[in-house]
Every structure is written in C-alpha cells, then in structure tokens.
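Now for the letters of each chain:
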Amino acid sequence: MDVFAKLKTRLDKLASSRQSSGNLLIKFQQCWDTIHHELTTPHVPPRPVERTPIPGALNQMLDILLTEQRNLETSPTPATNPCAEHFLNTDLLNELVNLSRGDDPPGVKQEVIQTLSRLVGMLEAQSLFHRAVNGAVAKVVAQALVERSIACEGAVLELESNVATKVNELPPLLNLFFTQKTAIPQSVTAEAEASANLTPPDGPVSAVGGMVGATTYTQPIKPVGSTMLPSNTTDFDFPLFDHLMRYLNTEGRHGDVARTSCSLLLDAGHPDMPTYLSQSDFVITVIGGLGGLFSQLPPQLPHVPGPGYDRIGRRSQGYASVTFARDVESLQSLMAFAHGVVVRFPDAEVSNRILRDFAITFLDGAVKPLLMTASDFDGTMEALLFYVRAMFEATPADGPLAILLARFLLHGDEYETGEGDQEHDESTLDADGVSNKVAAAGTGGLRDVELLVRDVLISKLNSLSEQVVTGTLRLLHLLLDRNRDVALPLLVEAVGKPRKLIGSVDGNSDAAHLDAQQQAAVARQWLALLAPDDGIAFEKTLEAYLEDAETAAARTSSPDATVDGSKSSSLTASPAQLSRDPTLQKLLSKLQTFFSQSTDINLALTGVLTLLCADPRLAPYLFAADVILPTIEPAVDALEVEDHDLHHHPHHVVSLHTVMMRLRAEADALGREQQVRREEGSDDEDGNADGNQDDVWQAESNRVVLEEFGKELVAVLLMAEGMGQGHIDFV
C-alpha cells in the first residue's frame, strides 16, 4: 500500500511540474505577443511607453524567467526550462532591440535597454556566449555610438557596466567584444562593414553552461600592421570601450560608471589591449579630461557649511557645495583611473604617453600657469593648493603620477638644469622600479622653466593670508608624509646634494659624530622641556634615567658606541649646508613667531617639523645643532635675544632647541599674564573684553599645541629612530 502511495505522489509531482512549465510558457508567449502588437501597431497620436502595457509585459517576462530558473534549481526531479529555450532560440532580444530603435512609442527604447541590462545582470557570465544575448548587446552599443540619445545614456552605461562585470568574472568573454579587424573588400558598404565588425560570426555550436544553443566563436586573425587597414584607424574593434571612453571625463554618476567599467575591462588582461589603447584616442581623452575637470573647478573655494569649514569657504558665488564635492571627486577618480592604467601596463607605450602628457600637457600647461598667477587675497591660491592636495591624495604615494606631481611641485635648480639628476634618481628613486622611467618621461616638460613652482610655494610661507600659509604647510606635510623619499631631497636641498659620509678617512669630512655622552646630553636637554615647574618627582625620575644611561655609556669600550652599543649616529647631510638651507631655516624662522600666528598655521607647521625631525638624515642636526655646530651659541638666553637678532644677526644660527626654549619661556610668561588678568578681574561679565577673549583663546590653544609638539619631538628623539639609531635603551 505504501509503495503505491509513493508512486502516486511522484507522478503527481511530475504532472504538476510539467503543468507549471506549460503555464509559464503560455504566459511568456502572451507577454511577447502584447509587446509585439504594441510595437508594430501605429498609434495616432503616439502614447508614451508608460501608458502602454509594454513595461509591465517586459517585467513579467523577466519574472517568468526567474521563476523558471528557481523551479529548475529547487525541483527534486529533472525539469526543463522551455521559456529560456524559447527566449534564446527565437532571438527575441535582437528583435526587441530592432523594434525599439525608432523609440515609438516614446521611451520604449530606454525601457528595452533597461530590461536587457537587468537580464545581463541576473544571468550567469557564460550566458553571454549565446548569440542572442551578446548580439543584442553589441547592437545596442553600435546604435549608441551612432545615435546619441540623452534619455538613454544612463541605461546604456548601466548595460555596459553589467557586461564589464561579467567580463571581469569570465575574461574569455572579452573576445566577443574586442576583435581584430579583418580585411574588408572595397565593395562592402559602410553599414555592412559596421555590422561585420559588431556582430560575431557564426561558429561551431557547443553547449556552454548547459544552455541550449550556446555558441563559441572563432575570429579570423589578421596580422597586425597589414597594409590593407587604413592608417588612421586602430587595428582592433572595441565598440564597447569606444563608447565608454566618451564618458571617462564626465563628472557625476555617468563618469564613475564609465571609469569603473573601463577598469573592469582592462583587468581582463587581453594581450592586445595596450596596443589598442596606444592606437586609439585614449591618452588624449584621459589627459584632456583631467584638464577639463580641473579647469571647471571654481577659482575660489565655495562656502561649505559646518564646523571647521568657515575659514576656507568665504565666497559661495552660487556654487553648491554638493556640486563642488562631486567635481573634486570626479577629478580624483580620473586621476586614480589614469594611475591604474599605468600600473596595469608599466612597460607599454600607452603608459609612457600618459606620464609624458600628464607632466607636459596637464601639469606644465594647465596647473603651473595658475599657480604662478594666483593671488593670495582673492582666494585663488587657497583653492589651487586645495586642488593639488586632492590630486595627490587620489593616487598611491609610491605611484608614478604621485612621484611626477611631487617632482613638479618641488624640483629645484639642479633638477631644472639637469645637473645631478642621475645621482638624485639613483639615490632616491631606483628602488621603485617605475620612478626612473617616470623621470625620463616626465622631465622633458620641466626643463625650460624660469620661475620654479617650488620657489612660489616656499614664498607662500610668508604670505599675509592665513589660509594660503596653512594650505602651503598642509601640502608640504602631505608630500613629506606620503612620499618622503622623493619630497625631502627636493624640499631640503642639502639632503639631496653630494656629501662625504662618516666612514671617510678624509679629515675634511664635514659629517658630525654624536657619541653616547653627547646623545645623553641632548636627551637631557629635550626631556627638560617637558618637566613641569613643580614636578620634583619628575626631575628625580629624569635624573635616574640619565644616570643609568651615562653609566651604561661609561662601560662601553668603543668611543664611538652609543647607549645601546651600536655605532654613533651620523648625519647624511652636511651640518653646515643644513644651517644654510633656505627652506629649513625659513621653517625654523616661522616657528619663532609661534604665538603671533593662528592655531591652524601652528598645527600645520609643527606637523611638517615633526616629519622632518623623524627623518634620520635631518634629525641629528635638528635635535643637536648646538652640539655639532660650534658656531651656534647654545648658552644664550632665548629671552635676551631680540626677534630681530634671531632673524637677521649674521652670527646667530638658531637651533630648534633654542627656539623651543624661547617659546617655552614665552608660553610661561603668557600664562602668568593671563593669571594676573584673571585675578584682577579684567575679563569681567561686563562684556567689554570680547576682543581679548579671542586673544586669550588663541594663546591658550597655541600653548596646548606647543606642549604637544614638544612631546612629539621627544617621542621622535627617543623612540622613533630620530637620532639615526634604533632606540635609546634607558627610555
């Protein structure tokens, strides 16, 4: 009895499955008949597609295909997919694309493209091998290349994005859309030529992914460089990429979709892709797009509401902050895309052309003239500094475009005339592997320059505009933080110049030794800056640490040994040259006016100096100039030397420690003055001290910044290889 019951149940399931499949096929055919009738029957006046049953019928057809696929996957017994077989074998997609080409009723073309896009998105990647699918896609792309429709732009880009995603999942799919041109007889019409280039030829039929009618294609290969091809065209047909290139330099969603889709197609790794890119207008499109996006940015930063932005957005000029952010992101996105191409094809001609045109056409031709003529007082220089920082942040620090941008901003006289280039490249850029090529490709447009961009940037440190000074310091901080090996020798010229190292037996070597006792003395000086006025316990602890360090140093046998037993730290730059380096001395001079500057400037300035102190090539000089340069007078009281003398006296080379001592004393004096004012009640509730309140707030903020800056310097000195050795053990 149980056996017959089980048999009856199985027969009922089979009958139910066949009945369900038959019902779906009937509904599917009814939907197609409705669409075909609407597209082939003229209506006067024409109705918009929203008032026809076409959108609902298209959605229902997709739902039926999904339902059939779900039933196929979940059915416990073998099942078929008659709707999918009927859909593919009768080539309904191509017929649907042909019927909608005239866009009658209005909007049907966009609806059909969106339906095709959704279908490609939900199908498996191997389904694109079917002629009914890839043929419809190729036809839509071909129409978009010839007949540009604003209403359908978004739908076509979404379709191409879905196709690019499938190609990225299954790279062999790229051969359906990227083909080599074949010789075409002279009698073939232009329309037939386009059809031959865009439609895959018939080939042997084979099952792909279990789909009935799925085909693979073989293209006849034509040797590259054949004289039968026109000289002004590429050797390849890639209409999908050609259409996407039109939107590479577009802002907003269209540009983002195009750049992402192109990246996915490039990731497929076709061996002929670099050749196609170099023969096409790809480089012109990318570099021209960078110039176009850069030129359309507003000359002044718009007002961006919110905390912290009121100081950079003073002029709205009717430019919405959302639009501004979108345009800046588009520029950064295109920069990142160009970097991705260079990294994918590092040795290809297209990469060399991108680097060369980026340096000559974009940087030298578009960015440099604006940097040279921008004003500090109308907001143009502030905006340019912001845009340059945004471009630098868009690419990896060790990327070729970032290196080119850093060299463009900071190259000096030696780089300009070509002297020392070879040595500079060998000392700082050889390890990159790409940098030498970058220098070779990108220096051609930077040779014949009279006024250097570097000189303009350094001069902005003395600008009367707080925003310009802050923007310049933030740019220098970004360059040093992200690409110190390239930026530091260009910013501090003494680091990049030839010098004699500590190992030389020549007595004329100007490098300096710091033995263990001297390092302990330097550590004592800097740690004293952190000691509170009434911190007796702190002083005892400090003395204990220093005594332990000196005891350990006395036990070492080598006179050149450090506290941890290693060789003494040595400079890789001449102390005398560093003491005369204009950029380094200008930064130290800027630090001397600490309490007369805004907190924003001081935060940016201390950030730059901290990065310089963290570099072993500069740290010994910055931390121990009083020891290694006898011309410096370390014993002078910082408060007894007037500002004018510190800046202009020819016999005073001001060290960082001397400046910090002076600022510490000035901070203590300001603190006592504020305490006296509070005790005298000068800041009463009568409201007559509003102006003083701002000064008090700024002074207190600067005191906090100075205190934290001192902590950072001591941490760098003792823990972060600031003196060129691993660490000082007594810490």
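For the structure, see preceding data.
Residues numbered from 1 in each chain as written. Predicted model: local features only at pLDDT ≥ 70, side-chain atom pairs only at ≥ 80, totals over all residues. Heavy atoms only, no water.

(A) Fine view of the packing of helix H14 (residues 321–344) against helix H15 (residues 349–373). Orientation of H14 relative to H15, taken along the N-to-C sense of each, is 140 degrees, at an axis distance of 9 Å. The orientation of H14 relative to H15 falls into the category oblique. Between H14 and H15 the crossing geometry is left-handed. Packed against H14, whose contacting residues are Met335, Val341 and Val342, the element H15 presents Ser351, Ile354, Leu355 and Phe358 at the interface. Residues belonging to the contact of H14 with H15 are distributed by class as follows: six nonpolar, one polar and no charged. (Axes fitted to C-alpha atoms, helices over the stretch in contact; angles between N-to-C directions. Helix = DSSP H or I, 4+ residues; strand = E, 2+ residues; numbered from the N terminus. Parallel < 35°, antiparallel > 145°, perpendicular 65-115°, else oblique. Left-handed = near helix turned anticlockwise from the far one by under 90°. Contact = heavy atoms within 4.5 Å. Nonpolar A, V, L, I, M, F, W, Y, C, P; charged D, E, K, R; others polar.)

(B) Just empty space enclosed by the protein, in detail. In this structure the tally under the stated criterion is three cavities of 30 Å³ or more. Lining the largest cavity are 16 residues, with Ile113, Ala144, Glu147, Cys152 and Val156 positioned closest to its centre. When contributions to the lining of the largest cavity are tallied by element, the ones reaching two or more residues are helix H5 (108–122), helix H6 (131–146) and helix H7 (153–169). Classifying every residue of the lining of the largest cavity gives seven nonpolar, four polar and five charged. (1 Å grid on protein atoms, 1.4 Å probe; cavity = no way out; pocket = protein on both sides within 12 Å on 5 of 7 lines; lining within 4 Å. Points joined across faces, edges and corners; volume = space filled by probe spheres on them.)

(C) Spotlight on unusual backbone geometry. Following Asp104, the chain continues to Pro105 via a peptide bond in cis, the omega torsion being 5 degrees. Positionally, Pro105 belongs in the loop between helix H4 (92–99) and H5. You will see that Asp91, though not glycine, has its phi angle at about 55 degrees, which is positive. Its relative accessible area of 31% is what places Asp91 among the partly exposed residues. You will see that Asp103, though not glycine, has its phi angle at about 55 degrees, which is positive. Mapping Asp103 onto the fold places it in the loop between H4 and H5. (Buried < 20%, exposed > 50% of the residue type's maximum accessible area, 1.4 Å probe, protein only.)

(D) Quick peek at the packing of aromatic side chains. A full pass over the atoms with the stated rule returns 17 aromatic pairs. Seen in terms of ring centroids, Phe241 and Phe282 are 6.0 Å apart; in terms of plane orientation they differ by 45 degrees. Their pairing is tilted. Taken together, the residues span a long stretch of sequence, with Phe241 in helix H10 (residues 239–245) and Phe282 in helix H13 (residues 282–295) at a distance of 41 residues. Residue class for Phe241 comes out buried when judged on its relative accessible area of 0%. (Phe/Tyr/Trp six-rings, centres within 6.5 Å; stacked < 30°, edge-to-face > 60°.)

(E) Geometry of helix H17 (residues 400–410). Counting buried positions along H17 yields eleven of eleven residues, so the element is predominantly enclosed. Restricting attention to buried positions, one finds in H17 the residues Pro400, Leu401, Ala402, Ile403, Leu404, Leu405, Ala406, Arg407, Phe408, Leu409 and Leu410.

(F) Here's a closer look at the environment of Thr472. Mapped onto the elements, Thr472 comes out in helix H22 (residues 466–482). Sequence-wise, Thr472 and Leu457 are 15 residues apart; in three dimensions their C-alpha atoms are separated by 6.6 Å. In this structure, Thr472 is in contact with Leu385, Leu457, Lys460 and Leu461, ignoring residues within four places of it in sequence.

(G) Main features of the environment of Pro105. Note on Pro105: relative accessible area 7%, which makes it buried. For the pair formed by Pro105 and Glu50, sequence separation is 55 residues and the distance between their alpha carbons is 9.2 Å.

(H) Up close: the side chain of Thr606. You can see Thr606 is positioned in helix H29 (residues 599–613). Within the local environment of Thr606, its side chain forms a polar contact with the backbone oxygen of Leu603, the two atoms lying 3.1 Å apart. When sequence neighbours within four positions are dropped, the list of residues in contact with Thr606 reads Phe594, Val705 and Phe709. (Polar contact = N/O pair within 3.5 Å; in protein donor to acceptor, adjacent residues only side chain to side chain.)

(I) Structural view of the nonpolar core. Among the nonpolar cores identified, the biggest contains 182 residues, and Phe282 and Leu409 are the most heavily contacted of them. Those residues in contact with Leu409 that lie beyond four places of it in its chain are Leu371, Val388, Val453, Arg454, Leu457, Leu475 and Leu479. (Core = buried A, V, L, I, M, F, W, Y, C linked by side-chain atoms within 4.5 Å.)

(J) Structural view of the pattern of salt bridges. What the rule picks out here adds up to 19 salt bridges. Among the salt bridges present, the one from Arg454 reaches Glu493, with a minimum N-O distance of 3.5 Å. With a gap of 39 residues between them, Arg454 in helix H21 (residues 453–459) and Glu493 in helix H24 (residues 493–496) connect regions that are remote in the sequence. Note on Arg454: relative accessible area 5%, which makes it buried. We classify Glu493 as partly exposed; its relative accessible area is 25%. The salt bridge partner of Arg617 is Asp615, with a shortest N-O separation of 2.9 Å. Here the salt bridges do not stand alone but share partners, grouping Arg484, Asp485, Asp615 and Arg617 into one network. (Salt bridge = Lys/Arg side-chain N within 4 Å of Asp/Glu carboxyl O.)

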